[in-house]
Amino acid sequence: MGKLSLFALSSSRAFGEAVAQRLGVELAPLEERAFEDGEYKLRPLTSVRGHDAYVLFSLHGESGASSADKLLKLLFFIGALKDSGAARVTAVAPYLCFSRKDRRTKPRDPITTRYVAQLFEAMRTDAVMTVDVHNIAAFENAFRCETIPLDAHALFARHFEPLIGEAPAAVVSPDLGGEKRAELFRQRLDRMLRRPVAKAFMDKTRSEGEVTGEIFAGDVNGRIAIILDDLIAGGGTSARAAAACRTHGAARVFVAATHGVFAKAAAQTLRDAPIDGVVITDAVPLHGDDATAQALGERLTIVSVADLFAQAISRRHENGSITELLAEGP
């Protein structure tokens, strides 16, 4: 494979600089031009012919740019790279938008994960790399190009190991859909602590915006409970699970979620929730004036996934093993 070229679009540039520094490369130059009517143009400002190109852009919605806007920009830039002769183009989307609707649960439901996959394939994308996508199986099944799902389990485990110390602990899934993710994290924490870690889960059903389900199963009594999820949006799921853990005797309650999307309602919901701490990654960057970050204050911790992505990109470029990276942790 040819020379590695790393690009980072607009709001992901700071994260891209961190990844580039760990890779020992410079971000490749590009033009992002906005027209007066809201359309835009993107192009590389250096030759990419024969290169192994990586385009980093986290596809969360933000002020002035929706997830759909950012997705379209990424697709257009990938198309420009392929037209310019790049040998291989990998989309690096720390947060992959429209992944929450990955199956049909009601008549005539859309399956947006598959539609997004078709858009990437239409641009001749060679691979899509992301971290803690909502449903790994649905992600891998939707795409015909290569998929590279990463996870932040090792980072979270290293964060919680000293905090737990010798205390008993439990890993909690806030809904049945995330049970597999929580179990994999529990097993890693079990190995790291060298003693059994308990498990628990909560029932949750969402229909037309209303969340129901009060069933809680598992042992959190007297334990440090870690609620693991892929993202926090409104904060309601985390708050419900935290309250249930407290009701069932948890000594302390923490929430670990890879993507701090933090919708408007999250600030008050999480501020009032019985949670000792929230741990997220920088896959979705927070701004200094973020209301949820201010509401949580010292209860909020951010761990970086820049090294994880740098190592994954390096291994892909050099035909190394991503599986071994995830097993060992960055």
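Analysis parameters
- Residues numbered from 1 in each chain as written.
- Predicted model: local features only at pLDDT ≥ 70, side-chain atom pairs only at ≥ 80, totals over all residues.
- Heavy atoms only, no water.
- Helix = DSSP H or I, 4+ residues; strand = E, 2+ residues; numbered from the N terminus.
- Expected span 1.5 Å × (residues − 1).
- Buried < 20%, exposed > 50% of the residue type's maximum accessible area, 1.4 Å probe, protein only.
- Contact = heavy atoms within 4.5 Å.
- Right-handed = clockwise from strand over helix to strand, strands pointing away.
- Pairing = 2+ DSSP bridges.
- 1 Å grid on protein atoms, 1.4 Å probe; cavity = no way out; pocket = protein on both sides within 12 Å on 5 of 7 lines; lining within 4 Å.
- Points joined across faces, edges and corners; volume = space filled by probe spheres on them.
- Nonpolar A, V, L, I, M, F, W, Y, C, P; charged D, E, K, R; others polar.

1. Description of helix α2 (residues 67–83)
Now for step 1: The end-to-end C-alpha separation of α2 is 24 Å, in line with the 24 Å expected for 17 residues at 1.5 Å each.
Now for step 2: All of the buried residues along α2 are Ser67, Lys70, Leu71, Leu74, Leu75, Phe77, Ile78, Gly79, Ala80, Leu81 and Lys82.
Now for step 3: The inward-facing, buried residues of α2 abut β1 (4–8), β2 (30–34), β3 (40–44), β4 (52–56), β5 (88–92) and α3 (112–122).
Now for step 4: Phi turns positive one or two residues past the end of α2, at Gly85, with a value near 95°.

2. A closer look at the pairing of strand β15 (residues 277–281)
Now for step 1: Most of β15 sits inside the fold, with 5 of its 5 residues counted as buried.
Now for step 2: Burial along β15 is two-sided: the residues Gly277, Val279 and Thr281 and Val278 and Ile280 are all buried.
Now for step 3: For the crossover that starts at strand β14 (residues 252–260), traverses helix α8 (residues 266–272) and ends in the parallel β15, the hand is right-handed.
Now for step 4: Bridge count for β15 against strand β16 (residues 300–303) is 4 bridges, and the pairing is parallel. Opposite Val279, over in β16, you have Thr301 as the bridge partner.

3. Comments concerning empty space enclosed by the protein
Now for step 1: Scanning all chains against the criterion turns up 2 cavities of 30 Å³ or more.
Now for step 2: In this structure, the largest cavity spans a volume of roughly 80 Å³.
Now for step 3: Residue lining of the largest cavity: 15 residues in total, with Tyr95, Leu96, Ser99, Val133 and His134 positioned closest to the centre.
Now for step 4: Here the lining of the largest cavity is composed, by residue class, of 8 nonpolar, 4 polar and 3 charged.
Now for step 5: Lining the second largest cavity are Val171, Ser173, Glu179, Ala182, Glu183, Arg186, Lys199, Ala200 and Phe201.
Now for step 6: Counting residues per element, the ones that place at least two in the lining of the second largest cavity are β8 (169–173), α6 (179–193) and β9 (198–202).
Now for step 7: The element best represented in the lining of the second largest cavity is α6, accounting for 4 residues.
Now for step 8: Residue composition of the lining of the second largest cavity, by class: 4 nonpolar, 1 polar and 4 charged.

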